[in-house]
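# A structural walkthrough
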Amino acid sequence: MNSSLAGWLQVALLVAALAACYVPLGNWIARIFTTDKHWRVERGVYKVIGINPEADQRWSAYLRSMLAFSGVSVLFLYGLQRLQHYLLQFVGPHMANVPPSTAWNTAVSFTTNTNWQNYSGESTMTYLVQMGGLAVQNFMSAAVGIVVAIALIRGFTRSRTDKLGNFWVDVTRCVFRLLLPLAVIGAIVLMAGGAIDNFASYHTLTTLSGGHQTMVGGPVASQEIIKNMGNNGGGFFNANSAHPFENPNPFTNWFEIFTLLLIPFATPRAFGKMVGDNRQGYALVAVMAIIWIVAVGGISFFEMQGAGTATHLAHGAAEGTETRFGTPGCSLFAASTTVTSTGAVNCFH
């Protein structure tokens, strides 16, 4: 099949899938943050952290709660990395403590949803830190970003009160009602598509040439899904979403693009429902879709030109392009991860 045609078929399928999810998921997001009913597991969380779920907060209290939560998250993740060598580990490799500068950079980066990495995860962090630290922050930092947007929407709609809701209730609901269910389903899809998720020990293999190569394992799919769905970026391995254990084939590549676009494109519907005018949601999503299509078209066009003397002499080249995805899959991923500020990459641009 012509690569250009294949690329636009992927785009068309993405548009159809996102359009099908726009109303039901957007309505569900709006319901999550407007209903007065609490789930039993949520009440348990409120009791443990000692907050009254019925008490609304002014913007200043909401802000202080968010900053306090983020501050504790930074310290917790930093401590987890600095003490990883001493923590009980029943599975996976044992590793030295993460150096202070790397641990601090990673803790701040993952707590702020930046997810910038200057290390190779498979040779730096244990399974416990990857799961209990990085994956957890992929959930929590995404939830914090979402509830800040929800608080902003409430600011538009509440004219007779200075209360914006309860930060702790919003974050808890976002995790339990939105991110966790979608992540469980998504992780199963990724595993079915070939992404690994295990607690296997590292194995040193002898290659045909007599050399040695370390084959790694790990809880990858469960982190990969929230990495993309929460618009986090980073990855379990140093190669990010280009690594075949994180993103094995064209189907998982398309699915990961779908997941990183899913919540952003459904949020305008939630906005429309919460302000009582669905037309505003349609207007917002239309602008977002136009920007995305322009980005996809522009990047795809220039990537397919093969500009440069060396490229013309070679009659085409794919420098930095993962051959299992092709130029269309790389361009579509690049545009989608950039417009959503995710930061995950599957090719070298």
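To be clear, the structure that these remarks concern was listed above.
Residues numbered from 1 in each chain as written. Predicted model: local features only at pLDDT ≥ 70, side-chain atom pairs only at ≥ 80, totals over all residues. Heavy atoms only, no water.

### Focus on the overall build of the chain
In terms of regular secondary structure, the chain is built from 12 helices and 4 strands. Whereas a compact globule of 349 residues would reach a radius of gyration of roughly 20 Å, the chain reaches 22 Å, a difference of no more than 12%. Counting only C-alpha atoms, the chain reaches 70 × 55 × 35 Å along its principal axes. Buried residues in the chain amount to 49% of all 349 residues. The long-range share in the chain, meaning contacts at least 24 apart out of those at least 6 apart in sequence, stands at 72%. Accessible surface, the chain as shown: approximately 16,900 Å² in total, 65% of it carbon and sulfur. When the 19 basic and 15 acidic side-chain charges of the chain are each reduced to a single mean position, those positions are 15 Å apart. (Helix = DSSP H or I, 4+ residues; strand = E, 2+ residues; numbered from the N terminus. Rg over C-alpha atoms; globule rule 2.2 N^0.38 Å. Buried < 20%, exposed > 50% of the residue type's maximum accessible area, 1.4 Å probe, protein only. Contact = heavy atoms within 4.5 Å. Areas by Shrake-Rupley, 256 points an atom, 1.4 Å probe, with all protein chains shown as cover. Lys, Arg positive; Asp, Glu negative; His and termini not counted. Charge placed at Lys NZ, Arg CZ, Asp CG, Glu CD.)

### Focus: the packing of helix 9 (residues 250-275) against helix 12 (residues 326-339)
Running from N to C, helix 9 and helix 12 point in directions that differ by 15°, and their axes come no closer than 10 Å. For the element pair helix 9 / helix 12, the angle class is roughly parallel. Handedness of the crossing formed by helix 9 with helix 12: left-handed. Each of Asn253, Glu256, Ile257, Leu260 and Leu261 in helix 9 lies in contact with helix 12, whose residues at this interface are Gly329, Leu332, Phe333, Ser336 and Thr337. Split into classes, the residues belonging to the contact of helix 9 with helix 12 amount to 5 nonpolar, 4 polar and 1 charged. (Axes fitted to C-alpha atoms, helices over the stretch in contact; angles between N-to-C directions. Parallel < 35°, antiparallel > 145°, perpendicular 65-115°, else oblique. Left-handed = near helix turned anticlockwise from the far one by under 90°. Nonpolar A, V, L, I, M, F, W, Y, C, P; charged D, E, K, R; others polar.)

Such coordinate-based values are descriptive only and should not be taken to indicate function.
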